[in-house]
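Per-entry structural report
One-letter residues, chain by chain:
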Amino acid sequence: MENSKFMQMLENILLPIADKLNNNRYLSALRDGFMVALPLIIFGSIFVVIANFPFLDSVMSENAFTRYQEALGPASASTLSIMGLFVIIGIGYKLIEHYKGEAIYGGVVAVAAFIILTPQVLEGVAGVIPASALGAQGMFLGIFTAFVSAELYRFFVQKNWMIKMPAGVPGAVSKSFSALLPIAFTLSVFLLVRILMSFTPFETVQNFIYTVVQEPLTQLGSGLPATIIAVLLIQVFWFFGLHGQIIVNSVFDPIWYSLNEQNLSAFQAGAELPNIITKQFIDSFLVGMGGSGMTLAVIILIILIGRSRQLKEIGKLGGPPGVFNVNEPIIFGLPIIMNPLVLIPWLIAPVVVTVITYVSMSTGLVPKPAGIIVPWTTPPLLSGFLATGNAWQGAVLQAVNLFVVMIIWWPFLKILDKNYYETEKSGEETKAS
């Protein structure tokens, strides 16, 4: 009874919060913006892996290896290095799409506003925008810019400050002229902001955002305590049937991607990797082991100790997708959602693995994530190998983590299996009689 009251209290507190976060238009646009950029990010990451295959520098001459890396370099330079631009386009597009407007103009006005605010380095008579400003380093400014520019554009459209073309004008031409004034007014606001900021001690909006917002948040997000909180929130939301990754990642992805970019730059330069917590720390060593909660370990455990028909069938159904980090069959079939019997391992196991992974990397036992974005469907062991810059220790760490999760889950899964087995046996005896 007390357990039921506690569950009801958690549900009453968390579900409304989670529902608001899940349906928030800005978080939705942010999440979808990253999804727009994801194929390009993965493409660039694949070529970073190919360019840094182990032992290539040993079998090739130094000159040949350098030329080989230079030949593949544009793949990551045109995707990973300017990933911020793709995210900005995606956010502006999706936010205006949410308002039922001409979404493409939301994307282009967001990029133009961002570039207006981005300081240029003078080279001769031309201004050059550093590639670093277009990548994860400029992500925070880009996100804010995309939100504000889309809202300003929508405001001017709603005020009907547009040029109306005659009925006979082709649709594409009419839409372009309709967007002209809202875009012009929006970009003028950002130009004014840039001019005004030049008179402040910060000089640029980038410096202001970095000092006031990005640096403190990045420091917070790169630490173990904040990561544990994020991981716990993912698990709690999933327990109540809400997609915890989507909700939590909407907030933390800008931080994790920024940290990821720092590691990738250091990895490509052959320098020491600065961060342990990155996007790939989460994706490869937590989510990338069977899905949220590392449920591939649960599937393996079901195969080893399961006696009830229900668990055995769930193991068969969940096994193949679980290898590729799809775990809906386990989450809904075990079930994990609203099941108090599995709440403790569901919450504890990811936290323990987070600590083990962090300590392993901080002590140098395992290399830190190299900043390479490994596709989320990459099976465990292989993903750990690739995420750490082709280091075998990454695969071993994943294997150890899976074993730890199995140990944590074992007594609870045993109880669940016993309940199912006895229920099935009782049902068979009832039918027989």
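A short tour of the structure in this document, coming up. (Residues numbered from 1 in each chain as written. Predicted model: local features only at pLDDT ≥ 70, side-chain atom pairs only at ≥ 80, totals over all residues. Heavy atoms only, no water.)

Check the secondary structure of the protein and you find 19 helices and two strands. Taken along its principal axes, the extent of the C-alpha atoms in the protein is 85 × 60 × 45 Å. Summing over all exposed atoms, the protein offers an accessible surface of approximately 20,600 Å²; the carbon and sulfur share of this is 68%. Within the protein, one finds 22 positive and 24 negative side-chain charges whose respective centroids are separated by 9 Å. (Helix = DSSP H or I, 4+ residues; strand = E, 2+ residues; numbered from the N terminus. Areas by Shrake-Rupley, 256 points an atom, 1.4 Å probe, with all protein chains shown as cover. Lys, Arg positive; Asp, Glu negative; His and termini not counted. Charge placed at Lys NZ, Arg CZ, Asp CG, Glu CD.)

The relative placement of two packed helices comes down to the angle between their axes together with the axis-to-axis distance. As a packed pair, helix α12 (residues 244-269) and helix α13 (residues 279-287) sit with axes 7 Å apart at the nearest point and diverge in direction by 125°. As the angle between them shows, α12 and α13 are arranged oblique. Between α12 and α13, the contacting residues are Q245, N249, D253, W256, Y257 and N260 on the first element and K279, Q280, I282 and V287 on the second. Class assignment for the residues of the contact of α12 with α13 results in four nonpolar, four polar and two charged. (Axes fitted to C-alpha atoms, helices over the stretch in contact; angles between N-to-C directions. Parallel < 35°, antiparallel > 145°, perpendicular 65-115°, else oblique. Contact = heavy atoms within 4.5 Å. Nonpolar A, V, L, I, M, F, W, Y, C, P; charged D, E, K, R; others polar.)

As for its placement among the helices and strands, G389 is situated in the loop between α18 (382-387) and α19 (392-432). Once the C-alpha coordinates of G389 and S81 are considered, the two residues, 308 residues apart in sequence, prove to be 18 Å apart. Contacts of G389, omitting those with residues within four sequence positions, involve F267, A370 and I372.

A separate point is a nonpolar patch on the surface. On the surface, Y93, I104 and V108 cluster together into a nonpolar patch covering about 240 Å² of accessible area. Looking at the element boundaries, V108 is found in helix α6 (residues 103-117). Classification of V108 as partly exposed rests on a relative accessible area of 42%. (Patch = residues over 30% accessible without salt bridge, like charges linked within 9 Å, V, L, I, M, F, W, Y side chains within 5 Å. Salt bridge = Lys/Arg side-chain N within 4 Å of Asp/Glu carboxyl O. Buried < 20%, exposed > 50% of the residue type's maximum accessible area, 1.4 Å probe, protein only.)

This part covers the packing of helix α2 (residues 25-51) against helix α5 (residues 83-98). Interaxial distance between α2 and α5 falls to 7 Å at its minimum, and their mutual angle equals 135°. In terms of their interaxial angle, α2 and α5 are classed as oblique. Here α2 runs over α5; the crossing is right-handed. For the pair formed by α2 and α5, the contact residues are R25, Y26, A29, L30, D32, G33, F34, V36, A37, L40 and I41 on the first element and M83, F86, V87, G90, I91, K94, L95 and H98 on the second. By residue class, the composition of the contact of α2 with α5 is 13 nonpolar, three polar and three charged. (Left-handed = near helix turned anticlockwise from the far one by under 90°.)

Here we take up the pattern of salt bridges. Considering all chains together, one arrives at seven salt bridges under this definition. Two residues, E313 and K316, come together in a salt bridge whose shortest N-O distance is 3.7 Å. Of this pair, E313 and K316 both sit in helix α15 (residues 309-323), three residues apart, which is roughly one turn of the helix. Relative accessible area serves as the criterion here: at 42%, E313 is assigned to the partly exposed category. A relative accessible area of 58% places K316 in the exposed class. Here the salt bridges share partners, and the residues they tie into one network are R25, E151 and R154.

Right, let's talk about the packing of aromatic side chains for a bit. Counted according to the given criterion, the structure contains ten aromatic pairs. Judged by centre distance (5.1 Å) and plane angle (85°), the rings of F202 and F208 are edge-to-face. Residue class for F202 comes out partly exposed when judged on its relative accessible area of 29%. For F208, a relative accessible area of 30% puts it in the partly exposed group. Connected via pairs of aromatic rings, a cluster forms that spans F155, F156, W161 and F185. Here the guanidinium or amino end of R154 rests over the ring plane of Y99, the centre of that ring lying 3.8 Å away. (Phe/Tyr/Trp six-rings, centres within 6.5 Å; stacked < 30°, edge-to-face > 60°. Lys NZ or Arg CZ within 6 Å of the ring centre and 35° of its normal.)

Glancing now at unusual backbone geometry. For the peptide bond that leads from L334 to P335, omega is -15°, which places it in the cis range. Tracing the sequence through the fold places P335 in the loop between α16 (328-333) and α17 (343-362). Phi angles above zero are rare outside glycine, and N160 is one such case at about 65°. Along the chain, the position of N160 falls in the loop between α8 (139-158) and α9 (171-197).

Another point: helix α14 (residues 296-305). Where burial is concerned, most of α14 is hidden: seven out of the ten residues are buried. By the burial criterion, the buried members of α14 are L296, A297, V298, I299, L301, I302 and I305.

With that out of the way, let us pick up the environment of Y99. Residue placement: Y99 occurs in the loop between α5 and α6. A sequence separation of 52 residues divides Y99 from E151, and the C-alpha atoms of the two residues are 9.7 Å apart. In this view, Y99 contacts R25, Y26, E151 and R154; residues no more than four positions away in its chain are not counted. At 2.5 Å, the side chain of Y99 and the side chain of R25 are in polar contact. (Polar contact = N/O pair within 3.5 Å; in protein donor to acceptor, adjacent residues only side chain to side chain.)

Note that every value here comes from positions in space, so none of it alone points to a role or purpose.
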